Amino acid sequence: MAKIFHPLLALIASATDRELAKYVEYLKAENQILRARIPGQIHTTAGERQKLIKLGKGIGRAIEELITIVTPTTFFRWLRDEKGSKSKTKNPKGRQRKPRELRELVIEIAKTTGFG
């Protein structure tokens, strides 16, 4: 049974709110140290973004204090894009095709007049 639970899950399950706050503070400090060692931007993959969105959604505005891999603005843009992508369909490239009757009429005019 002990192998079923990950040690971190067992630790969280037995922790009080005060202890959880200490864990979060430690992880924030650790993230700051690691970020200081990585120069420049960190580019995330689509899968990584989805994972961060999934975990960060439930946190709400408190994510602003926790997030370090991207800015809070970027995270909230990801959320907006995710919501918008479900309802919107991508616009096809180019313009909309003309009705068949109009195309046939233009071809007929071109054949009869020799123009075009």
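Cut-off values and rules
- Residues numbered from 1 in each chain as written.
- Predicted model: local features only at pLDDT ≥ 70, side-chain atom pairs only at ≥ 80, totals over all residues.
- Heavy atoms only, no water.
- Core = buried A, V, L, I, M, F, W, Y, C linked by side-chain atoms within 4.5 Å.
- Buried < 20%, exposed > 50% of the residue type's maximum accessible area, 1.4 Å probe, protein only.
- Helix = DSSP H or I, 4+ residues; strand = E, 2+ residues; numbered from the N terminus.
- Contact = heavy atoms within 4.5 Å.
- Phe/Tyr/Trp six-rings, centres within 6.5 Å; stacked < 30°, edge-to-face > 60°.
- Lys NZ or Arg CZ within 6 Å of the ring centre and 35° of its normal.
- Expected span 1.5 Å × (residues − 1).
- Salt bridge = Lys/Arg side-chain N within 4 Å of Asp/Glu carboxyl O.

(A) Fine view of the nonpolar core. Core analysis: the biggest nonpolar cluster contains 8 residues, these being I53, I63, I67, V70, F75, F76, W78 and L79. Looking at this core, the element that brings in the most residues is helix 5 (residues 72-87), giving 4 residues. Setting aside residues no more than four positions away along its own chain, F75 makes contact with L52, I53, G56, K57, I63, I67 and V70.

(B) Structural detail: the packing of aromatic side chains. Scanning the entire structure with this criterion turns up 2 aromatic pairs. Between F75 and F76, the aromatic rings sit 5.7 Å apart at their centres with planes inclined by 70°, giving edge-to-face as the arrangement. Grouping residues by exposure puts F75 and F76 together as buried. Here the aromatic cluster, defined as three or more aromatic residues joined through ring pairs, consists of F75, F76 and W78. Here R61 stacks its cationic end above the ring of F76, 4.4 Å away from the centre of that ring.

(C) Seen up close, the environment of T68. Inspection of the secondary structure puts T68 in the loop between helix 4 (63-66) and helix 5. With residues up to four places along the chain from it excluded, the contact list for T68 reads N31 and R35.

(D) Looking closely at helix 6 (residues 100-113). For helix 6, built from 14 residues, the straight-helix expectation of 20 Å at 1.5 Å per residue is met to within 8% by its first-to-last C-alpha distance of 20 Å. At the C-terminal side of helix 6, G114 shows a positive phi close to 75°.

(E) A look at the pattern of salt bridges. Evaluated as defined, the whole model comprises 4 salt bridges. Note that K28 and E25 form a salt bridge whose closest N and O atoms lie 3.7 Å from each other. With K28 and E25 both in helix 2 (residues 17-37) and 3 residues apart, this pair spans about one turn of that helix. Of the charged contacts, one joins E64 and R61 as a salt bridge, the two residues approaching to 2.7 Å between their closest N and O atoms. Taking the relative accessible area as the measure of exposure, R61 reaches 58% and is therefore exposed.

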